[in-house]
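Listed here are the chains, written in short residue letters.
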Amino acid sequence: MTLGRFAPSPTGVLHLGNLRTALASWLSARRAGGRWIVRMEDVDGPRCRRDLGEDQLRDLAALGLESDATVLWQSDRSAAYREALAALHRASRLYPCRCTRKDLQLLASAPHTEDGLRPYPGRCRGRVWEGFEAVSAGSSRASGGGLGGHPEQSEQAVPPDGFVALRLCLPDGAVAWEDRLLGPQVDDPATLTGDPLLFRRDGCFAYHLAVVTDDGAQGVTEVVRGADLRSVTATQIRLQEALGLPRPSYAHLGMVAAPDGSRLGKRAGALGLAALVSRGIPSEEIIGWLGWSLGCLGRPEPCAAADLIQGFDWTQVPTEEVRVPAVWT
Ligand code: GLU
């Protein structure tokens, strides 16, 4: 059974690009007769806010996009992420990284990747992490060993004198994967992200760990997201493999740009649903425009999300970026 998902980070208002991704993931799942869920990616502590997440859920519901299951908040998932780290540690796939941001800037020789980041060059590879066992063995609170089998005792996994950053040691070689929109892809994750950070020095679980663990735990079969995340897909596939999780299908949608082609930034940042509706643009008109931009309609015309299901077909979805109508800005 198809299970699609939309996984926003509650760091701000959902703009038209986010809403387009939400609608495409919903339409794809519905067209296949499947289910669709929303997951709140609030793992990145301070930048994420519960109230922003609630607003996002309200906007989605106003467009007719409601999660078929209880919304999962990643801030509630620490035990699962610790389990995943423990499994990777048992498989000798983790190493501690002591590089600071400054070290990484000095080390950088590779060109910037498409998302502007440089791949991690693997400087700390080969370092040995004593792991949860060693920490808990030395702790007075410890009685059960590693965190893996004892989630209720897992706070012991945190070294008392601070956190250590952990990375996944990637195997060599490129990953071939299929994008439903962009076709066959071959990416070498070493040149895109390098060994991904899974646990941060500040004690937060990192994005790659959370997204891969949750897609696996929730049984997600299709991932639809913005093209800005295309470059991390091969890395996430490697992490799935390391965790023994199945590979979902992927589709990376072109971005939504401002009318002049610039990124939807601060100026056009008011382009959330509430801002548009308060300017007199009804939500049916917004859904109609989004549906048209996804190839479901011959022209933008007001409708409900459910009216678009029959017309949705991945072969009709344009790969290029789309621009917000100037009259909306
Ligand atoms: N939470 C991520 C974001 O809002 C999306 C993650 C994903 O779809 O894999 O950019």
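No experiment lies behind these values; they were computed from the predicted model shown.

A. Structural context of the overall build of the protein. A tally of regular secondary structure across the protein gives ten helices and twelve strands. Counting all 329 residues of the protein, 49% fall into the buried class. About 15100 Å² of surface is accessible on the protein, with carbon and sulfur atoms providing 52% of the total.

B. Geometry of the pairing of strand β2 (residues 35-40). Summarising burial for β2: five of the six residues are buried, a large majority. Viewed along the sheet, the connection from strand β1 (residues 3-6) through helix α1 (residues 16-31) into β2 turns out right-handed. By the bridge criterion, two bridges tie β2 to strand β3 (residues 72-73) in an arrangement that is parallel. Paired with M40 across the strands is W73, a residue of β3. Taken together, β2, helix α2 (residues 50-62) and β3 form a β-α-β motif whose crossover is right-handed.

C. The site of the ligand, seen in detail. Around the ligand, the neighbouring residues are R5, A7, P8, S9, E41, Y207, V211, R225 and L229. Note that an oxygen atom of the ligand is positioned 2.8 Å from one of the side-chain N or O atoms of R225. When isolated, the ligand has an accessible area of 300 Å², and the protein chains bury 79% of it. Here the shell around the ligand is built from residues that sort into five nonpolar, one polar and three charged.

D. Focus on the sheet that holds strand β8 (residues 197-199). Here we have three strands laid out as an open sheet, ordered β4-β5-β8, and antiparallel in their pairing. Unpaired on one side and paired on the other, β4 (94-97) and β8 mark the two borders of the sheet. Taken pair by pair, the neighbouring strands of this sheet meet at an average axis angle of 45 degrees, ignoring direction. As judged from the two bridges shared by strand β5 (residues 165-168) and β8, these two strands associate in the antiparallel manner. In the sheet register, R167 faces β8, and the bridge partner there is L197.

E. Representation of the side chain of T235. With respect to the element layout, T235 can be found in helix α8 (residues 233-243). Residues within four places of T235 in sequence aside, it is in contact with P189, T193, G194 and P196.

F. View of the side chain of R167. Checked against the element boundaries, R167 lands in strand β5. The side chain of R167 sits in the buried core without any salt bridge; D195 is the nearest counter-charge, 6.7 Å away. In this structure the side chain of R167 is engaged in a polar contact, spanning 2.9 Å, whose partner is the backbone oxygen of D195. With near-sequence residues (within four places) excluded, R167 lies in contact with R93, L94, Y95, C97, L104, Y120, D195, P196, L197 and L198.

G. The arrangement of the packing of aromatic side chains in detail. Inspection of every chain in the model, using the stated rule, returns six aromatic pairs. What links up through ring pairs into an aromatic cluster is the set Y81, F199 and F205. We note R167 situated over the ring of Y120; from NZ or CZ to the ring centre the distance is 3.6 Å.

H. Inspection of the pattern of salt bridges at higher detail. Applying the stated criterion across every chain yields a total of 19 salt bridges. For the salt bridge of D187 with R230, the shortest nitrogen-to-oxygen distance reads 3.2 Å. Separated by 43 residues along the polypeptide, D187 in strand β7 (residues 183-187) and R230 in the loop between β9 (222-226) and α8 bring together distant segments of the chain. R230 matches D187 in its accessibility class, with the two residues each being buried. The salt bridge involving R200 is made with D202; its shortest N-O contact spans 2.6 Å. One connected set of salt bridges, linked through shared partners, spans R5, R39, E41, R77, D214 and D215.

What counts, and at which threshold
- Residues numbered from 1 in each chain as written.
- Predicted model: local features only at pLDDT ≥ 70, side-chain atom pairs only at ≥ 80, totals over all residues.
- Heavy atoms only, no water.
- Helix = DSSP H or I, 4+ residues; strand = E, 2+ residues; numbered from the N terminus.
- Buried < 20%, exposed > 50% of the residue type's maximum accessible area, 1.4 Å probe, protein only.
- Areas by Shrake-Rupley, 256 points an atom, 1.4 Å probe, with all protein chains shown as cover.
- Right-handed = clockwise from strand over helix to strand, strands pointing away.
- Pairing = 2+ DSSP bridges.
- Near = heavy atom within 4 Å.
- Polar contact = N/O pair within 3.5 Å; in protein donor to acceptor, adjacent residues only side chain to side chain.
- Nonpolar A, V, L, I, M, F, W, Y, C, P; charged D, E, K, R; others polar.
- Axes fitted to C-alpha atoms, helices over the stretch in contact; angles between N-to-C directions.
- Contact = heavy atoms within 4.5 Å.
- Lys, Arg positive; Asp, Glu negative; His and termini not counted.
- Salt bridge = Lys/Arg side-chain N within 4 Å of Asp/Glu carboxyl O.
- Phe/Tyr/Trp six-rings, centres within 6.5 Å; stacked < 30°, edge-to-face > 60°.
- Lys NZ or Arg CZ within 6 Å of the ring centre and 35° of its normal.

Remember, this is a structural readout, not a statement about activity or role.
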